[in-house]
Amino acid sequence: MNESLLTQLRDLQPELAAIRQDIHAHPEIGMEEERTAALVAAKLRGWGIAVTEGIGRHGVVGTLKGRLPGQRAIGLRADMDALMIHEATGKPYASTNQGLMHACGHDGHTTMLLGAAKYLAEHRDFAGTVQFIFQPAEEGRGGAKAMLADGLFERFPVDAVYGLHNMPELPLGHFAIRPGPFMAAPDRWVVTFRGTGGHGGATPHLSTDVTVLQAQFILALQTVVSRNISAIDPAVISVGAIEGGSFGSTNVMPAEIRVGGTARSFTPAVRDTMERRMTELAQGLAASFGCTAEVAYRRNGTPLVNHAEQTAVAARAAASLAGAAQVNDQAPAFTGGEDFAYMLDARPGAFIFMGQGAGGATSEGLHTPTYDFNDDAIPHGVGYWVSLVREELKLG
């Protein structure tokens, strides 16, 4: 364990925690991170780092060259956006923007990368260039693709790019990573069933009933993963919304019901199977009930696949900071989705999870109203970035 580096970074923690809590109090959803992006740019400039703003709308890149000779360049990426969730933490720095909240720790991610930028600007003992990439709109609004379309890696060339995400379930100071497929494609789907509807008390026998149809569909949907996909291929289909009818008129059978949810997969073949079988089940069942079905399956992202060489580099960097016993370099794949996957499609790199689940952190999970990032994790995240730069951009 590099206790010397962690001790130095703990001295920065009060300053960085204040930044994190300020960002937390002023959350902005994807593609609206104007205040956050301005704060990031101002901090970077204040530390003597070259800054470019407005990449993919609100993306910010800080460029820092080491004092040692070297031609390699790496990118370090953090996300800045919040979620549409009403905060219920009761913290003194809770959201001041009604209905918006940093419920995924992006406030912490942004702060930790800022902390690394500050430290490295003061300790330029590396050979090459670091591109600090602050991305808007990770939560389903296309921020990575927007930055890439705006020439991110053409304007700021890198040999490798790295990302990080906090994990409340992982102990503080621990890290988890794996080569190959690591996170899933986060697809979304909506099926709309249409029938005649009717009077549920007097003439249900004269109606085509979409309520029973949607119930049969939801049950049949559970067979897609269990009977159409190999048991060794991870996959998830979940229902997240059902909409139809009115509680003001519960004797009326609705003529339309919508069912929606998410689907997660790691390979194109499994993804294709889920979309095909969902469509076949919806349309086949609808026809048997005398109804119709409209299926909208949205491929909302791409699987996150870590490159083997960069995964090994990231694991070594984490181990040099935390100790080998604190790093799981064969962590199980995770069915959450991550926009950083598009950057890994464009350049070699790796994505790692960092634990924050001890030392005073909330036990609540990501995307919940009572989640809060653990400020005690800040030195560990900053330390990982610094160790990664030293591992990737060492002389010789």
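Residues numbered from 1 in each chain as written. Predicted model: local features only at pLDDT ≥ 70, side-chain atom pairs only at ≥ 80, totals over all residues. Heavy atoms only, no water.

Per an unreviewed UniProt entry, the chain is named Amidohydrolase, and its organism is Pseudoroseomonas cervicalis ATCC 49957.

### Let's talk about the environment of Leu 113
This is how the line gets drawn: The way it works is that DSSP assigns letters per residue, a run of H or I at least four long becomes a helix, a run of E at least two long becomes a strand, and they are numbered from the N terminus. Contacts are residue-level and defined by heavy atoms, with any inter-residue pair within 4.5 Å sufficient.
Checked against the element boundaries, Leu 113 lands in helix α3 (residues 106–122). Setting aside anything within four residues of it in sequence, one finds Leu 113 in contact with Leu 76, Arg 77, Ala 78, Phe 132, Ile 133, Phe 134 and Trp 385.

### Describing the domain arrangement of the chain
What counts is decided by this rule: Throughout the structure description, domain borders are defined by an automatic or database domain assignment. Buried area: the accessible surface (1.4 Å probe) lost by two parts on joining, summed over both. Only Asp, Glu, Lys and Arg are considered charged in this grouping, and only Ala, Val, Leu, Ile, Met, Phe, Trp, Tyr, Cys and Pro are considered nonpolar; every other residue, Gly among them, is considered polar.
Taken domain by domain, the chain consists of domain 1 (3–184 + 303–393) and domain 2 (185–298). For domain 1 versus domain 2, the separation of C-alpha centres amounts to 38 Å. Contacts between the two partners involve 11 residues from domain 1 and, on the opposite side, 7 residues from domain 2. Carbon and sulfur atoms make up 68% of the area that domain 1 and domain 2 hide from each other, which totals about 710 Å². Taken together, the residues of the side of domain 1 that touches domain 2 sort by class into 7 nonpolar, 4 polar and no charged.

### A short note on the sheet that holds strand β4 (residues 127–135)
This is how the line gets drawn: Pairing between strands requires that DSSP locate at least two bridges from one strand to the other. Where helices are involved, their axes are fitted lines through C-alpha atoms of the stretch in contact, as for all axes, and angles between N-to-C directions lie from 0 to 180°.
Ordered by their spatial adjacency, 8 strands build an open sheet running β1-β2-β4-β3-β5-β16-β6-β15, and the pairing between neighbours is mixed. Two strands bound the open sheet, and with one partner strand each, they are β1 (50–55) and β15 (327–328). Examined bridge by bridge, strand β6 (residues 175–176) and β15 share 2 bridges and lie parallel to one another. The partner of Ala 176 across the bridge, within β15, is Asn 328. Packed onto the sheet, helix α8 (residues 308–322) meets β5 (160–167), β6, β15 and β16 (349–355) and runs at close to 30° relative to β16. Seen against the sheet, helix α10 (residues 378–392) touches β3 (68–79), β4, β5, β6 and β16 and runs at an angle of roughly 160° to β5.

### So, the sheet that holds strand β8 (residues 185–194)
One open sheet holds the 4 strands; their spatial order is β10-β12-β8-β13, and the pairing between them is antiparallel. Two strands lie at the open edges of the sheet, namely β10 (235–244) and β13 (292–298), each paired on one side alone. Strand-to-strand twist across the sheet, computed as the mean angle between neighbouring axes with direction ignored, equals 20°. As paired strands, β8 and β13 are joined by 7 bridges and run antiparallel to one another. The partner of Arg 188 across the bridge, within β13, is Arg 298. Where helix α6 (residues 210–228) meets the sheet, its contacts fall on β8, β10 and β12 (256–265), and the angle it forms with β10 comes to roughly 170°. Along the sheet, helix α7 (residues 268–288) contacts β8, β10, β12 and β13; its crossing angle with β13, the most-contacted strand, is approximately 165°.

### Looking at the environment of Leu 170
Here is the rule we go by: Accessible area is worked out with a 1.4 Å probe on protein chains only. A residue is then buried under 20% of its type maximum, exposed over 50%, and partly exposed in between.
Within the element layout of this structure, Leu 170 appears in the loop between β5 and β6. For Leu 170, a relative accessible area of 19% gives the class buried. Spatially, the C-alpha atoms of Leu 170 and Ile 352 are 12 Å apart, while their sequence positions differ by 182 residues. Non-local contacts of Leu 170, meaning those with residues more than four positions away in its chain, are made with Phe 175, Ala 176, Phe 353, Met 354, Gly 355, Gln 356 and Gly 357.

### Quick word on the nonpolar core
Within soluble globular proteins, side chains that are nonpolar tend to cluster in buried spots. Keep this limit in mind: Here the nonpolar core consists of buried residues drawn from Ala, Val, Leu, Ile, Met, Phe, Trp, Tyr and Cys, with membership extended through side-chain atoms lying within 4.5 Å.
Counting 61 residues, the largest nonpolar core has Leu 44, Leu 76, Phe 132, Phe 134, Tyr 162 and Tyr 384 as the members making the most contacts within it. Phe 132 has contacts with Ile 49, Val 60, Val 61, Gly 62, Leu 64, Leu 76, Leu 113, Ala 116, Ala 117 and Leu 120, leaving out every residue within four places of it along the chain. Phe 193, Ala 235, Val 270 and Tyr 297 belong to the second largest nonpolar core, which has 25 residues in total.

### Notes on helix α2 (residues 34–46)
Definition in use: By this rule, a helix spans an expected 1.5 Å times one less than how many residues it contains.
With 13 residues, α2 should reach 18 Å at 1.5 Å per residue; the first-to-last C-alpha distance of 18 Å fits that figure. Regarding α2, the residues found buried are Thr 36, Ala 37, Leu 39, Val 40, Ala 41 and Leu 44. On its buried face, α2 is in contact with α1 (3–25), β1, β2 (59–65), α3 and β4. Looking one or two places after α2, you find Gly 48, whose phi comes out positive at around 80°.

### A few points about the pattern of salt bridges
To keep things clear, this is the line we draw: By convention in these notes, a salt bridge is any Lys or Arg side-chain nitrogen within 4 Å of a carboxyl oxygen on Asp or Glu.
In total, this model carries 23 salt bridges according to the counting rule given. When the shortest N-O distance is used, the salt bridge between Arg 35 and Asp 22 registers 3.2 Å. Taken together, the positions of Arg 35 in helix α2 and Asp 22 in helix α1 put the pair 13 residues apart, joining distant regions of the chain. Given a relative accessible area of 34%, Arg 35 falls into the partly exposed group. Accessibility expressed as a relative area gives 25% for Asp 22, which makes it partly exposed. A salt bridge links Arg 299 to Glu 275; its shortest N-O distance comes to 2.9 Å. Of the two residues, Arg 299 is situated in the loop between β13 and β14 (304–306) and Glu 275 in helix α7; the sequence distance between them amounts to 24 residues. Judged by its relative accessible area of 25%, Glu 275 falls in the partly exposed class. Salt bridges linked by common partners bring Arg 20, Asp 107, Asp 372 and Asp 375 together as one network.

### With respect to the UniProt feature "binding site: Mn(2+)" (unreviewed entry) in the chain
Applied cut-off: UniProt positions are given in the numbering used here, feature names are shortened, and annotations may be inferred rather than shown by experiment.
UniProt feature "binding site: Mn(2+)" (unreviewed entry): in the numbering of this structure it lies at Cys 104, His 106, Glu 139, His 165 and His 367. A maximum C-alpha distance of 13.2 Å among these annotated residues, which run over 264 residues, shows that they cluster at one spot. Glu 139 has contacts with Asp 81, Ala 82, Leu 83, Cys 104, His 106 and His 367, leaving out every residue within four places of it along the chain. Position of His 367 relative to the elements: it lies in the loop between β16 and α10. Using a relative accessible area of 38% as the deciding quantity, one classes His 367 as partly exposed.

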